[in-house]
Amino acid sequence: MTADLIYVLGLETSCDETAAAIVEMPVADGAPCGAGRIVANQLLSQIDMHAPYGGVVPELAARAHLSHLDRLVAAAFDEADMALADMHAIAATAGPGLIGGVLIGLTTGKALALAAQKPFIGINHLEGHALSARLTEAVDFPYLLLLVSGGHCQLLAVTALGEYTLLGQTRDDAVGEAYDKAAKLMSLGYPGGPEIERRAHHGDRAAYPLPRPLLNEDTNKADAPHCDFSFSGLKTALRQATQKAAPLDDKKVADLAASFEAAVADCLSTQTRRAMTRFRTMVTPGTDYNLVVAGGVAANQYLRAALGEAAAAEGFAMHVPPAALCTDNAAMIARAGAERFAAGFIDAAPMAIEARARWPLSG
Ligand code: KG4
Ligand code: ZN
């Protein structure tokens with residue numbers, strides 16, 4: 001069996017990262033064989049521009065994507081020492097995300113594909129995260145996916161390319177959003193995740209008793225035990241604890257951050273273990289059990305350790321992409337495009353693919 005190498009350019013503009021990347025993927029019989037290589041990975045973060053507003057301002061984000069994307073695409077070709085003509089396909093995020101930004105990446109991708117007469121593939125940003133672990137490791141289907149980002153918090157069974165079954169999701173805030181709001185409550189910077197993690201490192205995880213929402217729901221209910229999450233009650237409890245503890249000092253902030261993080265870790269690991277029980281009933285006995293954790297929040301070392309313990313207790317191997325591939329990037333979009341191209345999953349009318357603000361991965 002000989003492998004062909006395919007090259008795909010991917011573009012990502014759905015939130016506050018402008019990115020262009022090229023991946024190489026070895027393919028045999030229509031399926032990837034091995035992780036392949038990221039041959040170019042260009043990324044411009046807009047964090048500094050949005051930080052004074054405490055969150056992403058959609059109009060500013062769209063304008064910045066427009067100003068920088070062309071330059072990043074050119075830089076990606078330079079980095080790879082390749083040209084548009086060397087690509088097998090062009091992929092771009094088509095949603096979900098901030099619609100102005102999505103439109104810019106999608107239109108740029110279509111224009112490049114049209115000019116070079118290459119296939120164009122519109123990618124669901126969440127599928128990019130879902131497949132991101134396959135950029136650096138040969139993780140085979142099926143696997144259980146915990147997707148934790150600023151906009152999403154869900155557990156999915158990934159049984160094949162394009163086959164995602166939702167096992168649980170947040171009923172209110174996404175976990176990254178909860179981190180960002182928690183940071184705001186304590187007057188820490190934006191984005192909140194990395195700052196809370198840094199402060200929590202020196203804190204006492206048991207200093208403030210914060211709730212673990214949904215974990216102790218009545219287990220006699222018809223749909224129990226479910227694998228859903230809820231973080232808004234935790235945020236309210238943190239607000240009350242923060243107000244009570246005022247005036248804050250470094251020690252109190254560290255303890256509040258550590259207590260918040262401990263509650264999040266319990267919620268994530270308990271529901272992931274419940275999803276593992278369900279996952280086992282969905283796959284052929286004898287299958288290796290794998291857990292993939294993806295999305296920006298997967299960069300968090302404390303949460304990784306808690307999830308690693310949960311995985312070990314359930315006999316699952318855990319896979320987490322390197323931090324730079326957990327947060328938004330274009331390599332994961334290029335990889336999803338390469339997998340779809342190899343499988344022949346190409347839209348019959350790619351120029352008609354529309355930008356979508358909402359686009360669930362399952363169903
Ligand atoms: O996946 P991502 O880059 O963008 C979305 O698609 O949402 O995730 C961004 C989110 C933000 O909410 C950020 O606060 C969170 O991921 N995040 C973290 C960490 N690094 C980023 N949350 C917790 N701990 C971290 N180290
Ligand atoms: Zn994302």
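Residues numbered from 1 in each chain as written. Chains lettered and ligands numbered in written order. Predicted model: local features only at pLDDT ≥ 70, side-chain atom pairs only at ≥ 80, totals over all residues. Heavy atoms only, no water.

Draft legend 1. Seen up close, unusual backbone geometry. Cis geometry is found at the peptide bond from Phe141 to Pro142, where omega equals -5 degrees. Among the secondary structure elements, Pro142 is positioned in the loop between α4 (125-131) and β7 (143-148). Between Ala246 and Pro247 the backbone carries a cis peptide bond, its omega angle lying at -5 degrees. Position of Pro247 among the secondary structure elements: in the loop between α7 (232-245) and α8 (250-282). Phi angles above zero are rare outside glycine, and Asp29 is one such case at about 50 degrees. Turning to its location among the elements, Asp29 is positioned in the loop between β2 (17-28) and β3 (31-32). (Helix = DSSP H or I, 4+ residues; strand = E, 2+ residues; numbered from the N terminus.)

Draft legend 2. View of the coordination of the zinc ion (ligand 2). Every protein donor of the zinc ion (ligand 2) is listed here as His125 (NE2), His129 (NE2) and Asp328 (OD), and their distances to the metal cover 2.1 to 2.2 Å. Classification of the site at the zinc ion (ligand 2) rests on its four donor atoms, whose angles at the metal span 92 to 147 degrees, yielding the label irregular. Site description for the zinc ion (ligand 2): donor spacing in sequence, H-x3-H-x198-D. Residue His129 is found in helix α4, and its partner Asp328 is found in the loop between α10 (323-326) and α11 (331-343); the two are separated by 199 residues along the sequence. Each member of the pair His129 and Asp328 is classed as buried. (Donors = N, O, S within 2.8 Å, 3.2 Å for Na, K, Ca; no water. Tetrahedral: all angles 85-135°; square planar, octahedral: opposite > 155°, others 65-115°. Buried < 20%, exposed > 50% of the residue type's maximum accessible area, 1.4 Å probe, protein only.)

Draft legend 3. Structural context of the domain arrangement of the protein chain. Along its sequence, the protein chain is organised into domain 1 (4-134 + 326-352) and domain 2 (141-320). Distance from the C-alpha centre of domain 1 to the C-alpha centre of domain 2: 28 Å. Between domain 1 and domain 2, the contact holds 21 residues from the first and 20 residues from the second. Taking both partners together, domain 1 and domain 2 bury about 1600 Å²; carbon and sulfur atoms supply 71% of that area. When the area that domain 1 buries against domain 2 is broken down by residue, the three leading residues are Leu126, Ala130 and Cys326, summing to 31%. On inspection of domain 1 and its partner domain 2, the count reaches zero salt bridges. Our count for the domain 1 to domain 2 interface comes out at three residue pairs in polar contact (both at pLDDT 80 or more). At the level of secondary structure, the elements contributing two or more residues to the side of domain 1 that touches domain 2 comprise α4 and α11. The element that contributes the greatest number of residues to the side of domain 1 that touches domain 2 is α4, accounting for five residues. For the side of domain 1 that touches domain 2, a count of residues per class yields 11 nonpolar, five polar and five charged. (Domains from an automatic or database assignment. Contact = heavy atoms within 4.5 Å. Buried area = accessible area lost by both parts, 1.4 Å probe. Salt bridge = Lys/Arg side-chain N within 4 Å of Asp/Glu carboxyl O. Polar contact = N/O pair within 3.5 Å; in protein donor to acceptor, adjacent residues only side chain to side chain. Nonpolar A, V, L, I, M, F, W, Y, C, P; charged D, E, K, R; others polar.)

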